[in-house]
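Notes for the structure review
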Amino acid sequence: MIRITARHLSRKSCLNLENPHPGGPDRCGTIAVNWAGNGGSGNVGRFGSSSRRKDIPNEPALLAAAADNPGGSVAEIDPTYIDDPNGYVPPEAIRGAWLVDSSGKLTGEYRENLRHGVPQDDFSKLTDPDHWLGWLGDDPATAVRKGIEESLRAQVADAVVEWVKILETPRFLTGGRRHSEDEQVMLVTRAALAAPFALSVRTTQHGRSILLGVFSWAAVNLSPPAVRKDRHWFDLGVGLDWAGERLHGRIYEIDGEDGTAER
């Protein structure tokens, strides 16, 4: 079963070149990238060496972003992959960045983004933590991506997911009971996760859309011989705290009227 909800949806997000997700300090703006200004040390490890261009672009939006970001930089975003630079921008969609001097003017120095290209899936925040994900099968990233695709296609049958990025370490819940014949053995009976994401999806009617939210998955009756039950939630425009607070209730919500799920 799949549920999709939308709460507090906002198209405005923040940009962080190394870990681009909403909420990072001093990194909000249309095309402003702050890797050194405003008291932050920043990180440009994925950017190439600086080069100087003779002609500074005379683009009002670029110059305005520079004026608002003295001592930092402004990014050149590739419209091939992103339609709205005010929303979430994956690192690969940034061609490079112009450095800004302390007075808010472009210096003429430009740094190319070594990651520029077609945005790719990134499930490292899901798989890197030392948390047991055996209930998702041998390939947890593929399982979660498939669950996200199913959630979208339940709403629009021809939805095609172009890329998915897990933005923060998910919230996990795991429950179990002691083995009846060996008290040293724990049997996992239920598990859940809430994973904040950004993704790009295409449909025939609407074209490309960049979505932000949290994908939650809960499963019960994981210990045979009970019949396993799974449920997905696809919450748009919510934060991880919001979804995490509801994860405990949702994992028991699957019990339903028959009350067969193991506790």
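Data block above holds the structure.
Below: a short report on this structure. (Residues numbered from 1 in each chain as written. Predicted model: local features only at pLDDT ≥ 70, side-chain atom pairs only at ≥ 80, totals over all residues. Heavy atoms only, no water.)

**Quick notes on the overall build of the protein chain**
- What the protein chain contains, in helices and strands, is 4 helices and 11 strands.
- Pairs at least 24 apart in sequence give 63% of the contacts found in the protein chain among residues at least 6 apart. (Helix = DSSP H or I, 4+ residues; strand = E, 2+ residues; numbered from the N terminus. Contact = heavy atoms within 4.5 Å.)

**Remarks on the pairing of strand E4 (residues 73-77)**
- The buried count for E4 comes to 4 of 5 residues, which makes it a mostly enclosed element.
- Bridge count between E4 and strand E5 (residues 94-100): 5 bridges; the pairing is antiparallel. Its bridge partner lying in E5, Glu76 is registered against Gly96. (Buried < 20%, exposed > 50% of the residue type's maximum accessible area, 1.4 Å probe, protein only. Pairing = 2+ DSSP bridges.)

**Topic: the nonpolar core**
- Within the largest apolar cluster, 28 residues are counted, with the highest numbers of intra-cluster contacts made by Trp135, Leu152, Leu199, Trp217 and Phe234.
- Of all elements in the fold, only helix H3 (140-153), strand E7 (160-166), strand E9 (186-203), strand E10 (207-220) and strand E11 (229-236) reach the threshold of two or more residues within this core.
- The greatest single-element share of this core, amounting to 6 residues, is contributed by E9.
- Not counting residues up to four positions away in its chain, the partners in contact with Trp135 are Ala191, Ala192, Leu193, Trp217, Ala219, Leu222 and Arg228.
- Listed in part, the 13 residues of the second largest apolar core include Val214, Ala218, Ile251 and Ile254. (Core = buried A, V, L, I, M, F, W, Y, C linked by side-chain atoms within 4.5 Å.)

**A closer look at the pattern of salt bridges**
- Following the criterion strictly, the structure yields 13 salt bridges and no others.
- Arg171 is the partner of Asp241 in a salt bridge, and the nearest nitrogen-oxygen pair spans 2.6 Å. With Asp241 in helix H4 (residues 240-253) and Arg171 in strand E8 (residues 171-178), the pair connects residues that are 70 residues apart, well separated along the chain.
- With a shortest N-O distance of 3.0 Å, Glu253 and Arg231 are connected by a salt bridge. In this pair, Glu253 is assigned in helix H4 and Arg231 in strand E11, connecting sequence segments 22 residues apart.
- Given the relative accessible area of 31%, Glu253 is considered partly exposed.
- A single network of salt bridges, built from pairs that share partners, joins Asp83, Glu162, Arg202 and Arg208. (Salt bridge = Lys/Arg side-chain N within 4 Å of Asp/Glu carboxyl O.)

**Some remarks on helix H1 (residues 60-67)**
- For H1, every residue scored as buried is listed here: Leu62, Ala65 and Ala66. Each buried residue of H1 lies within a common arc of 100° when the element is viewed along its axis, so the set occupies one face. Across H1 from its buried face, at more than 90 degrees, point the exposed residues Pro60 and Ala61.
- The elements touched by buried residues of H1 are E4, E5 and strand E6 (106-113). (Arc of directions from axis to C-beta.)

**Re the packing of aromatic side chains**
- The full count for this structure, using the stated rule, is 5 aromatic pairs.
- Judged by centre distance (5.6 Å) and plane angle (80°), the ring pair of Trp135 and Trp217 falls under edge-to-face. With Trp135 in the loop between helix H2 (124-127) and H3 and Trp217 in strand E10, this residue pair connects regions lying 82 residues apart in the sequence.
- On the basis of relative accessible area, Trp135 is assigned to the buried category, the value being 6%.
- Residue class for Trp217 comes out buried when judged on its relative accessible area of 9%.
- Cluster of aromatic residues (ring-pair linked, three or more members): Trp135, Phe215 and Trp217.
- Stacked on the ring of Trp163, the Lys or Arg Lys165 has its end atom at 6.0 Å from the ring centre. (Phe/Tyr/Trp six-rings, centres within 6.5 Å; stacked < 30°, edge-to-face > 60°. Lys NZ or Arg CZ within 6 Å of the ring centre and 35° of its normal.)

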